[in-house]
Amino acid sequence: MWRGAVVRVLRGGGAGTLRSASGAASAQLRRLLENELEDIRGAGTWKSERIIASRQGPHLRLVGGGAKILNFCANNYLGLSSHPEVIRAAVEALEKFGAGLSSVRFICGTQSIHKDLEEKIARFHQREDAILYPSCFDANTGIFEALLTPEDAVLSDELNHASIIDGIRLCKANKYRYKHMDMQDLEAKLQDAQKHRLRLVATDGAFSMDGDIAPLREICQLAQKYDALVFIDECHATGFLGPTGRGTDELLGVMDKVTIINSTLGKALGGAAGGYTTGPRSLIDLLRQRSRPYLFSNSLPPAVVGCASKALDLLMESNAIAQSMAAKTQRFRSKMTAAGFTISGKDHPICPVMLGDARLAAVMAEDMLNRGIYVIGFSYPVVPKGKARIRVQISAVHSDEDIDHCVEAFTEVGRKHGAIP
Ligand code: PLP
């Protein structure tokens, strides 16, 4: 009956003043939304979604599409999103622990598998403890407000991920934004921030648009000099950067100097969903008491916990998968450079093919898809004006032939559009 009333109101078929008031309001809302949507279309920043009819992996079938296409735009760095053991672990967890908890963690939403996964994450990163969140976006929006007060300061790289920016917005600490990876600017800001109680430097470990890696050694040295803490977001590093895939801190030899790590289970670690913070036990204890996305959002579903837990087991058993991804990244980067392209970043599976012009990036990405290769062009406002690019992401499950096929298609398309000689 209630549903019927709503349908009548939406169709304008109800009776009385309430109907006419909400009719006028909803007509106004529609007009405002249509204008806003038109602005987005007009600005050329409309994001359309391709609909996939198969599992995530190097070869995808699109709804309505014919043959499979080669996928080079997932964060599935280690190819674990459709790994048979990861899928089996999810099915087993689903059967044993159910579809979900219908509860936040502190009411009746904590199962043994949540505690086991938190312990495994802390062990993987060699930290004291860890706390799970529904996503890393939540981990980032939950940490700063819980940790920092108006007496404290947070110093953030200007190109940090949107979720760090939002998390910082929510906290009442004094905010400093330093120029991207600019250590002189960070030092100046740290000097200014000496007047505050705590100083926290926050940076992405690896930046997702450029595939560049934060200068963590230098950041940690400055943090030591100016008595600051270091926070890193490792979404594009966990599982594959560093000799055993622990991340940027391992790669740059500063595992003992970074205080807090936030990362995701939704990229290299099985790709299902979920995020976490790992660090000092007292910080994790505080987050369980104070962090709003943890306190007021549902527990991670067992199947998702099962996926991530198995992904970590696979990584802790062997780093063969991470090494295979590194070798393929190297193959792609060196062949593309030899073909005349400029690839931003260094040694990272995010390989931005720099093109400059937004239209060129869009038409080349479309032409790549016509050749069966799925890559995405990025332009302003996602990246700075004049720095449009096609972002290619390499996965351990791409074969050498897949990589070579992608480079050949880029070479053909690049020549056709004058991007390379
Ligand atoms: N931080 C960075 C650097 C990311 O790239 C992303 C995802 O795009 C997130 C945080 C959010 O991660 P999640 O998908 O787990 O919310």
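The rules we used
Residues numbered from 1 in each chain as written. Predicted model: local features only at pLDDT ≥ 70, side-chain atom pairs only at ≥ 80, totals over all residues. Heavy atoms only, no water. Helix = DSSP H or I, 4+ residues; strand = E, 2+ residues; numbered from the N terminus. Rg over C-alpha atoms; globule rule 2.2 N^0.38 Å. Buried < 20%, exposed > 50% of the residue type's maximum accessible area, 1.4 Å probe, protein only. Contact = heavy atoms within 4.5 Å. Areas by Shrake-Rupley, 256 points an atom, 1.4 Å probe, with all protein chains shown as cover. Phe/Tyr/Trp six-rings, centres within 6.5 Å; stacked < 30°, edge-to-face > 60°. Lys NZ or Arg CZ within 6 Å of the ring centre and 35° of its normal. Near = heavy atom within 4 Å. Polar contact = N/O pair within 3.5 Å; in protein donor to acceptor, adjacent residues only side chain to side chain. 1 Å grid on protein atoms, 1.4 Å probe; cavity = no way out; pocket = protein on both sides within 12 Å on 5 of 7 lines; lining within 4 Å. Sits in = over half its atoms within 2 Å of the grid points. Nonpolar A, V, L, I, M, F, W, Y, C, P; charged D, E, K, R; others polar. Pairing = 2+ DSSP bridges. Axes fitted to C-alpha atoms, helices over the stretch in contact; angles between N-to-C directions. Core = buried A, V, L, I, M, F, W, Y, C linked by side-chain atoms within 4.5 Å.

J.: Explain the overall build of the protein chain to me, using residue names and the numbers behind them.
T.: Looking only at helices and strands, one finds 16 helices and 14 strands in the protein chain. Taking 22 Å as the expected radius of gyration for a compact globule of 421 residues, we find that the protein chain reaches 23 Å, a close match to that expectation. With respect to the principal axes defined by its C-alpha atoms, the protein chain has extents near 70 × 55 × 50 Å. Evaluated residue by residue, the protein chain yields a buried proportion of 49% over its 421 residues. Contacts in the protein chain between residues at least 24 apart in sequence constitute 68% of all its contacts with a sequence separation of at least 6. Counting every atom, the protein chain has about 20,100 Å² of accessible surface; 53% of that belongs to carbon and sulfur.

J.: Describe the packing of aromatic side chains, and please don't skip the residues or the numbers.
T.: A full pass over the atoms with the stated rule returns five aromatic pairs. Seen from the ring of W46, R41 lies directly overhead, with NZ or CZ sitting 4.5 Å from the centre. In this structure, K385 packs its charged tip against the face of Y380, placed 4.5 Å from the ring centre.

J.: How would you explain the site of the ligand if you had to name every residue and give the values?
T.: Taken together, the neighbourhood of the ligand is formed by 13 residues, with C136, D233, H236, T264 and K267 sitting nearest. In this structure, H236 approaches the ligand through a side-chain N or O atom, which is 2.7 Å from an oxygen atom. Relative to its unbound accessible area of 390 Å², the ligand is 81% covered by the protein chains. Of the pockets mapped on this structure, the ligand occupies the largest pocket. Among the residues forming the shell around the ligand, the class breakdown is three nonpolar, seven polar and three charged.

J.: Explain the side chain of D152 residue by residue, including any values.
T.: Take D152: it is sitting in the loop between α6 (136–147) and β4 (153–157). Overall, D152 belongs to the buried group, its relative accessible area being 0%. A distance of 2.8 Å separates a polar side-chain atom of D152 from the backbone nitrogen of T149. Of the polar contacts made by the side chain of D152, one reaches the side chain of R197; its length is 2.8 Å. When neighbours within four sequence positions are excluded, D152 is seen to be in contact with L147, A173, N174, H196, R197 and L198.

J.: Hey, could you go over the sheet that holds strand β3 (residues 129–133) for me, with residue numbers and the actual values?
T.: To summarise the sheet geometry, strands pair through backbone hydrogen bonds and adopt either a parallel or an antiparallel arrangement. With mixed pairing, the seven strands of this open sheet are ordered in space as β3-β9-β8-β7-β6-β4-β5. Edge positions in the sheet fall to β3 and β5 (174–178), since each has one partner strand and no second. For this sheet the average axis-to-axis angle between neighbouring strands, irrespective of direction, equals 20°. Relative to strand β7 (residues 229–233), strand β6 (residues 199–204) is paired through five bridges, and the arrangement is parallel. Opposite L200, over in β7, you have L229 as the bridge partner. Most of the contacts of helix α9 (residues 216–225) go to β7, to which it runs at about 155°, and overall it touches β5, β6 and β7. Of the strands in this sheet, β3, β8 (260–264) and β9 (275–279) touch helix α11 (residues 281–290), which is tilted by about 30° from β3.

J.: A description of the nonpolar core should follow, citing residues and the corresponding values.
T.: Ranked by internal contacts, the top residues of the largest apolar core, which has 34 residues, are L78, L117, I121, L132, F240, L265 and L269. Elements that contribute at least two residues to this core include exactly α3 (84–97), α5 (112–125), β3, α13 (302–317) and α14 (320–338). Among the elements that line this core, the one with the most residues is α13, at nine residues. Among all residues touching L132, those that are not within four sequence positions of it are R105, H114, L117, E118, I121, L265, G275, Y276, Y294 and L300. Membership of the second largest hydrophobic core comes to 27 residues, among which are M336, F341, L360 and V407.

Everything listed here is a matter of coordinates, which is why it stays silent on function.
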